[in-house]
Amino acid sequence: MTAKSIMIVGVGGQGTLLTSRILGGITSEAGYDVKLSEVHGMAQRGGSVVTFVRYGEKVAEPIVEEGQADVLIAFEKLEALRYAHFLKKDGVLIINDWRIEPITVVTGAAQYPEGIIEKLSKEHKVYTINAMEEALKLGNAKAFNVIVLGMAAKHMEFTKEDWLRIIEKTVPPKTVEINRQAFLTGYGSE
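Before going into details, it helps to say that this report is about the structure given with it.

Scoring rules and cut-offs
- Residues numbered from 1 in each chain as written.
- Predicted model: local features only at pLDDT ≥ 70, side-chain atom pairs only at ≥ 80, totals over all residues.
- Heavy atoms only, no water.
- Salt bridge = Lys/Arg side-chain N within 4 Å of Asp/Glu carboxyl O.
- Buried < 20%, exposed > 50% of the residue type's maximum accessible area, 1.4 Å probe, protein only.
- Helix = DSSP H or I, 4+ residues; strand = E, 2+ residues; numbered from the N terminus.
- Axes fitted to C-alpha atoms, helices over the stretch in contact; angles between N-to-C directions.
- Parallel < 35°, antiparallel > 145°, perpendicular 65-115°, else oblique.
- Left-handed = near helix turned anticlockwise from the far one by under 90°.
- Contact = heavy atoms within 4.5 Å.
- Nonpolar A, V, L, I, M, F, W, Y, C, P; charged D, E, K, R; others polar.

## Here we look at the pattern of salt bridges
- Taken as a whole and assessed by the stated rule, the structure comprises eleven salt bridges.
- Between R99 and E101 there is a salt bridge, with its nearest N and O atoms 2.9 Å apart.
- You can call R99 partly exposed: its relative accessible area is 37%.
- A salt bridge links D162 to R165; its shortest N-O distance comes to 3.2 Å. Taken as a pair, D162 and R165 lie in helix 7 (residues 160-170) at a separation of three residues, close to a single helical turn.
- Judged by relative accessible area, D162 falls into the partly exposed class, the value being 24%.
- Look at the salt bridges and you will find they share partners, linking E29, D162, R165 and K169 into a network.

Encoded structure:
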């Protein structure tokens, strides 16, 4: 098997690190060599956060080069635009249709781009979900990242049952049920 590369991008506090741990867990349990890399940036100040997950029979390094990601999971649409050039031509882009304005937009130094999803859809295979809205319906806004992961899971080779088992092992015990519901919400979308 050729190594697979997954990127998770978002803003600090959106759960990119937990999501990468779930991905690392499912790929490792499936018997693959797995490498994870976390690039925090200004994570605690709402800045960009990127994690890489690479897995296969033998993986030399965790870093995903431009044009090499099989799946790009974006927890915020500007982050999807910022990192879309990492996606392979036939790669899949999963976007949480959610807007978080960076400090440059908040202060008026820049404008938030319009039509991000439409622009990306012209060049890539894009799947979107408003995971925050779905998480609020479930009663827990923090579960939105697992909703996005549920949508992305359909574009990977692992079974729904495998995902649910790893989520149960990875998330804090008191959050297992909400994360299970969140995953199934994303998995059942499209």
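## So, the packing of helix 6 (residues 144-153) against helix 8 (residues 176-187)
- In contact at an axis separation of 6 Å, helix 6 and helix 8 are set at 45° when each is read in the N-to-C sense. Our classification of the angle between helix 6 and helix 8 gives oblique. Where helix 6 crosses over helix 8, the two elements pack in a sense that is right-handed. Between helix 6 and helix 8, the residues in contact are V146, I147, L149, G150, M151 and A153 and N179, A182, F183, T185, G186 and Y187, respectively.
- Considering only residue class, the contact of helix 6 with helix 8 consists of eight nonpolar, four polar and no charged.

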